[in-house]
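Topology and contacts: notes
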Amino acid sequence: MKVNIKQISQITGFSPATVSNALNYKRGVNADTAAKVRRVAQDLGYFEENRITKIKFVVFKRTGDVVEDTPFFPAMITGVEEECRSCGMETLLCYLDRRERNYKEQAKWLLNDKASAVIFLGTEMVDEDMELLRGMTSPFIMVDYWKEDMSFDGILINNADSARMATEYLIGKGHTEIGYLRGSFRIKPFRSRAVGYQTAMNKAGLPIQREYTITLSPTMDGAYADMKAYLSGHPKLPTAFFADNDMIALGAMKAMTECGIRIPEDASIVGFDDLSYSSISNPPLTTLRVPKHEMGRLAVRRLRDIMQDNNQVKVKTQVCTQFIERESVRDMHR
């Protein structure tokens with residue numbers, strides 16, 4: 001016999017409206033009340049018949065170079081966990097590594113579990129990886145990746161506008177030779193940041209010089225090694241750089257400093273992400289702060305809306321960054 005809200009109301013002594021709100025993870029229900037309602041519902045088998053109680057945060061890895069060894073994504077996961085906890089849902093952290101032999105079987109299991117909804121961190125995805133999402137049955141939202149047809153809900157960073165703003169900041173400081181520290185793994189966020197950099201340069205009538213675009217590994221150690229090798233040829237450098245992310249910026253800064261290049265006197269740098277150690281680098285890094293924690297919470301809220309309303313309309317939410325001015329940029333007007 002199918003369990004209904006009226007039965008749970010009779011057993012718990014709470015009104016059907018309170019029971020409904022608790023089972024749908026809506027705010028305004030006392031935490032102890034919600035816990036009791038869901039415990040009784042669990043014992044009666046209500047969730048097996050009616051509701052998803054778990055959210056899987058799936059981290060996709062193509063190479064691991066971007067999503068490993070960075071404090072960016074743990075902050076996002078913390079936001080997911082906190083929002084899930086506030087509405088009585090369980091969080092499961094899962095990894096889907098394309099390099100593993102049973103990758104397709106793992107994907108099928110992760111994305112077709114009717115007892116779970118999915119937040120999918122697609123930072124390292126490329127378009128051909130979208131094939132694994134075909135036929136998916138779990139409620140689903142993508143974070144940090146998009147496709148032009150937007151056949152899924154997404155939470156994104158406003159990458160192009162943010163990179164344009166950072167480049168315009170350098171131009172406003174009097175820099176006319178501005179290079180680009182380009183991540184070697186061309187994930188979609190990096191491509192959008194390149195567009196923002198190019199837009200600002202073109203708008204200002206400044207040339208984009210090929211020799212000032214330096215391709216570096218997206219890891220801090222890799223960027224350091226690549227920049228060190230590049231500088232060994234004693235190339236002419238621009239007065240400023242925009243970097244695809246803080247990991248690249250910080251690795252490059254270390255290599256430049258070791259080669260006698262002063263920052264910001266000889267070369268200015270703006271990063272992207274505002275990682276925790278960007279404020280204590282030498283000098284502290286000017287960068288764009290991404291609200292990582294809030295992105296995680298937003299993803300859970302949107303996923304709950306999808307589950308509750310069963311709305312077929314797909315929504316792309318762009319999260320704005322905050323410009324953080326520190327000491328890695330020289331004012332050329334002084």
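Here goes a summary of the coordinates provided.

Take the sheet that holds strand 1 (residues 54-61) next. Strand-to-strand pairing in sheets goes through backbone hydrogen bonds, with the strands running parallel or antiparallel. Ordered by their spatial adjacency, six strands build an open sheet running 2-1-3-4-5-11, and the pairing between neighbours is parallel. For this open sheet the edge positions go to strand 2 (90-97) and strand 11 (316-319), each flanked by a neighbour on one side alone. Taken pair by pair, the neighbouring strands of this sheet meet at an average axis angle of 20°, ignoring direction. Here strand 1 runs beside strand 3 (residues 116-121); their pairing, made up of six bridges, is parallel. Directly across from Phe57, in strand 3, lies its bridge partner Ile119.

As a further point, take helix 8 (residues 188-203). Helix length check: helix 8, at 16 residues, gives a terminal C-alpha distance of 23 Å against a target of 22 Å (1.5 Å per residue), a fit within 8%. Residues of helix 8 that are buried include every one of Lys188, Pro189, Phe190, Ser192, Arg193, Ala194, Gly196, Tyr197, Ala200 and Met201, and no others. On its buried face, helix 8 sits against strand 5 (153-157), helix 7 (159-172), strand 6 (178-183), strand 8 (240-243) and helix 10 (246-258). Positioned one or two residues after helix 8, Gly205 has a phi angle of 70°, which is positive.

Turning to the pattern of salt bridges, a few remarks are in order. As enumerated under the stated definition, the model contains 23 salt bridges in all. Arg304 is paired through a salt bridge with Glu83; the nearest N and O atoms lie 3.7 Å apart. A residue pair is termed long-range when its members are at least 10 positions apart, and Arg304 in helix 11 (residues 292-309) and Glu83 in helix 5 (residues 72-86) qualify at 221 residues. The same class applies to Arg304 and to Glu83, which are both buried. The network of salt bridges with shared partners includes Glu82, Glu83, Glu294, Arg297, Arg301 and Arg304.

Right, let's get into unusual backbone geometry. Residues apart from glycine generally show negative phi values, whereas peptide bonds are mostly found in trans. A cis geometry characterises the amide bond from Ile263 onward to Pro264, with omega recorded as 10°. Positionally, Pro264 belongs in the loop between helix 10 and strand 9 (268-270). In this structure, Pro283 follows Asn282 across a cis peptide bond, with omega equal to -5°. Tracing the backbone through its elements, the reader meets Pro283 in the loop between strand 9 and strand 10 (287-289). Positive phi is not limited to glycine here, since His234 has a value of about 50°. Turning to its location among the elements, His234 is positioned in the loop between helix 9 (220-231) and strand 8.

Thresholds, definitions, all that
Residues numbered from 1 in each chain as written. Predicted model: local features only at pLDDT ≥ 70, side-chain atom pairs only at ≥ 80, totals over all residues. Heavy atoms only, no water. Pairing = 2+ DSSP bridges. Helix = DSSP H or I, 4+ residues; strand = E, 2+ residues; numbered from the N terminus. Axes fitted to C-alpha atoms, helices over the stretch in contact; angles between N-to-C directions. Expected span 1.5 Å × (residues − 1). Buried < 20%, exposed > 50% of the residue type's maximum accessible area, 1.4 Å probe, protein only. Contact = heavy atoms within 4.5 Å. Salt bridge = Lys/Arg side-chain N within 4 Å of Asp/Glu carboxyl O.

Purely geometric stuff here, so don't read any function into it on its own.
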